Amino acid sequence: MSTSIDLPGEAVVPPGTLELLVERTLRVPAFAGDAANSCVVVRQLDIALLAEDFVAPAELLAHLAGLADAGWYAGLILAALGRRRGAHSPFFRGFPHEVPPTEHFWTTTLIRAQLLAAPTRAIELDLEALPHYGRYPHSFAEMLARRAPAAASRDEHRTLLQLGDSPGREAWRAYTELLGATVPLVGPDLELLGALAGLFVQHPLPSTAAAADSEAAPGAASWSPGASVRENRAVVDAARMAAGGPLVLVSTVTDVLRVAAYASGGDIGLVEPSRLRSFTRRERRSLLAALDRIVAAQPSALVDVAGRRERWKRLGERLHPHEHAARWPHAARVFAVARGEQVARSAVGRAELALAADDPVTAARALASTPGVLLRWADRLLRRTSPQQLPGLLEVLADGASGASGRVLCALHQHLDNVDLAETRRLFVNRRGPRAHTAEDTRPPLPPGAASALAGVLDVELSRRLPDPGVLLVDPAVRALALPITGKPLAVGEFAVMPPGSMTTLEPDAATLRIELSWREALYFTDYELSVLCLDDDFAVTAEVSPSRPGVTGVLHSAGLVEALAHGEAFVDVDLAGVAATHLVVQVGVIEGEAFTRAASSWIGYRTYPARLAHDHRGPAVPTGSRGSALRAGSRFTLPVMFSRRADGAWQARWTGHETARRWRWDAETIHRGVTNTFLQQTVSRRVLTVGYLLAMLEARADRVIELVFPAHGAGPEGDGQAAALAADLAAVSGPITYVGRTRPAGLPAHAELITLDRLHTLVPA
């Protein structure tokens, strides 16, 4: 078999890139090859997919059945989908039943280890060394045999695959979408963008080439605004530099530093230190030429150097700018500023001087050249403004709104929505995540009417930027999800990253809540630990469930694993009626090995089960609802989600994404109880800007709005008749069709724009 797929007149797409494409898009390219009858292989593929909860449509199976190399393609598909999920095997074979009491669990474990033979002698206990602790007491086959009756009645949601276009066109489509993302990419998405940027390095950028694509969807909504995120643009420029081309997407000196860091295998976000490699002569020329062009056109760009002086010094050691000072004199000025030989006064410095003189309007005008910074200063400027200065300041802020990114506009709007909360303390979360602290709120209040006036300006600007959705189809379940405006991307995998603040209400008939943690290591042995804190009305800890305490009233833990080959998992089952808690805070910590961002995959999720299955000793078979989120925490400890019981008795999940640097210890029942009331209370009380906010604007512009009600199981709207009627109705629509929902429903036309959980960031205008 060849090592790549080469189609006449199209790009050569390597197998590794094809795997990333299938994993991300769930679209299997229409491969070309010699004709043959491969029905047996395709039938085996269909069975394997169904076993992993994937459904291949008839057209995809028919296409593969006619290819001689169907077996090779089937292996590629399974390898790609295998990256999305792993098998789940609980520690206790009959879980959630047959979970022993904590005392019995530890007594049995110690007896088996023969550590109770001399009870009067002090024993040094190493939990990981115990032969039966953290290791399966049964084989996977035994667990499957025990749960076979439940598996026979299984009717869970299955993920629908699609037959796509040719590999080259599928690659170009993904390249266009990734480059147009409105948040920085990470993980497989960043890897795929880098591979595609190298693949299409000789082609025009998608923002210009897409218009000339004769196969583009007719009347498709313009959801891909081009390269709008600096980190993503740097990936493309790094590919161009590697091919010997110039850097065309950089517009600030920091952008050039990003390219150098990414090309060296470092952090493209410039958050973590990066060791710069030695660059070739051709690469040095590309970097210096870009710096020279930027500074020559905008000398004020030098102010960005001061914040990263040491990194610029290290880059200067690699680029040797003094050798080319005559050819690129403006590039040499960058490194002179880094060494302190030149001074560059920033707009922020001028704004600070104006604010010190009690002139917020002049301070705002000083920041007008950097709209994003101006709007991030809006709260501070408004609180220092007198009633006479307010109209002038609002005018400057309104002008700045037209030049700021949609993410900044949404973040400011969310902040303005919460200024009326009576909070006496402020919560500060470090940009890198783990270190949070609180302080007394001593700020002066906002001028009356200032928040609502500025929010109105933001409403108009955001509405202006949204595209025409045409026929808009909406899954009501996404309305309460938070908009992804933090800059943290949505990960690829079975579950997308739930934006912090997203809320979902558990199903009314839910009796059992199962919290699931799963991870798959990349290179090194990795062990995560799942635990749940039970809190009362005042957010005081009343109990904790962890591997060392697997059961309290109403909550059962599957126990942890310290030896699970390349895949690990843990479960916690909660009896929603029997648990004596108002809030359940889920905790996940890295005990050993790879961090969440370095593991091959890591996610946390939950399922709910109805009362009729709560005591089924075969194990719950049919969940009434499920949600999940990939773990992308930068720290080694995170509180990804909490569950709260409302006044009406219903339970609600709120995704927090909170990170902390607290050190993990083995005695999990005694730690992490210092989670501040401030954080938990603000998590519950603060308002977030939801998907419903932008949906309301889209609905006002749509030709028609259709709400799709999904059943508990399956991938389509409620009832086969409704799905068929919807497909027939939309078949006659030639204009844009936009779908916003959790998963892709069946029956939508090929040109419909799909905005699912992993693409919610595309809702936020550029």
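Refer to the preceding data block for the structure.
Since the model is a prediction, treat every value here as computed from it, not as a measurement.

Q: Any chance you could explain the pattern of salt bridges here in plain terms?
A: For side chains bearing opposite charge, pairing can occur when the charged atoms are close. Inspection of every chain in the model, using the stated rule, returns 21 salt bridges. In this structure, R277 engages E283 in a salt bridge whose closest nitrogen and oxygen atoms are separated by 3.0 Å. E283 gets classed as buried once you look at its relative accessible area, which sits at 8%. Close ionic contact of E317 with R314 constitutes a salt bridge, the shortest N to O distance being 2.8 Å. Pair noted here: E317 and R314 are both in helix α13 (residues 309–319), with a separation of 3 residues, about one helical turn. Relative accessible area serves as the criterion here: at 36%, R314 is assigned to the partly exposed category. Each of E310, K313, R314, E317 and R318 takes part in a single network of salt bridges with overlapping partners.

Q: Looking at this structure, how should I read the sheet that holds strand β22 (residues 753–755)?
A: Each strand in a sheet pairs with another by means of backbone hydrogen bonds, the pair being arranged parallel or else antiparallel. Read from one edge to the other, the open sheet built from 4 strands follows the order β20-β7-β21-β22, with strand pairing classed as parallel. In this open sheet, the two edge strands, each paired with only one partner strand, are β20 (704–707) and β22. Strand-to-strand, the axes of this sheet are offset by a mean angle of 15°, without reference to chain direction. Across the sheet, helix α23 (residues 691–701) touches β7 (471–474), β20 and β21 (737–740), and the angle it forms with β7 is around 155°.

Q: Explanation requested: the environment of P547 in the structure shown.
A: Along the polypeptide, P547 turns up in the loop between β11 (541–545) and β12 (551–552). A relative accessible area of 3% places P547 in the buried class.

Q: When you look at helix α1 (residues 15–25) in this model, what are you seeing that I'm missing?
A: A turn of α-helix holds 3.6 residues, and therefore any two residues three or four places apart point the same way. With 8 of 11 residues buried, α1 lies mostly within the body of the structure. Every buried residue of α1 is accounted for by P15, T17, L18, L20, L21, V22, E23 and R24. L26 sits one or two residues past α1 and shows a positive phi near 60°.

Q: Where do I start with unusual backbone geometry in this structure?
A: Trans is the common state for peptide bonds, and a negative phi is the common state for residues other than glycine. The phi dihedral of L26 falls on the positive side, at around 60°, and the residue is not glycine. Of note, L26 is situated in the loop between α1 and β1 (27–28). Phi is positive for H320, close to 55°, though the residue is something other than glycine. Structurally, H320 is set in the loop between α13 and α14 (329–338).

Q: Just to check I follow, could you spell out the nonpolar core for this structure?
A: Grouped together as the largest cluster of nonpolar side chains are 88 residues, with contacts concentrated most on I515 and F643. Those residues in contact with F643 that lie beyond four places of it in its chain are L506, L513, I515, T582, H583, L584, V586, Y606, W651, Q652 and A653. One finds L81, L249, I268 and L291 within the second-largest nonpolar core, a separate group that totals 78 residues.

Q: In this structure, what is going on with helix α15 (residues 347–356)? I would like to understand it.
A: Along α15, the residues that are buried comprise A347, A351, A354 and L355. Along α15, the residues classed as buried sweep out an arc of 95° about the axis, all on the same side. Opposite the buried face of α15, by more than 90 degrees, sit the exposed residues L353 and A356. On the buried face of α15, the contacting elements are α16 (360–366) and α18 (378–383). Two residues or fewer after α15 comes D358, characterised by a positive phi angle close to 60°.

Rules behind the numbers
- Residues numbered from 1 in each chain as written.
- Predicted model: local features only at pLDDT ≥ 70, side-chain atom pairs only at ≥ 80, totals over all residues.
- Heavy atoms only, no water.
- Salt bridge = Lys/Arg side-chain N within 4 Å of Asp/Glu carboxyl O.
- Buried < 20%, exposed > 50% of the residue type's maximum accessible area, 1.4 Å probe, protein only.
- Helix = DSSP H or I, 4+ residues; strand = E, 2+ residues; numbered from the N terminus.
- Pairing = 2+ DSSP bridges.
- Axes fitted to C-alpha atoms, helices over the stretch in contact; angles between N-to-C directions.
- Contact = heavy atoms within 4.5 Å.
- Core = buried A, V, L, I, M, F, W, Y, C linked by side-chain atoms within 4.5 Å.
- Arc of directions from axis to C-beta.

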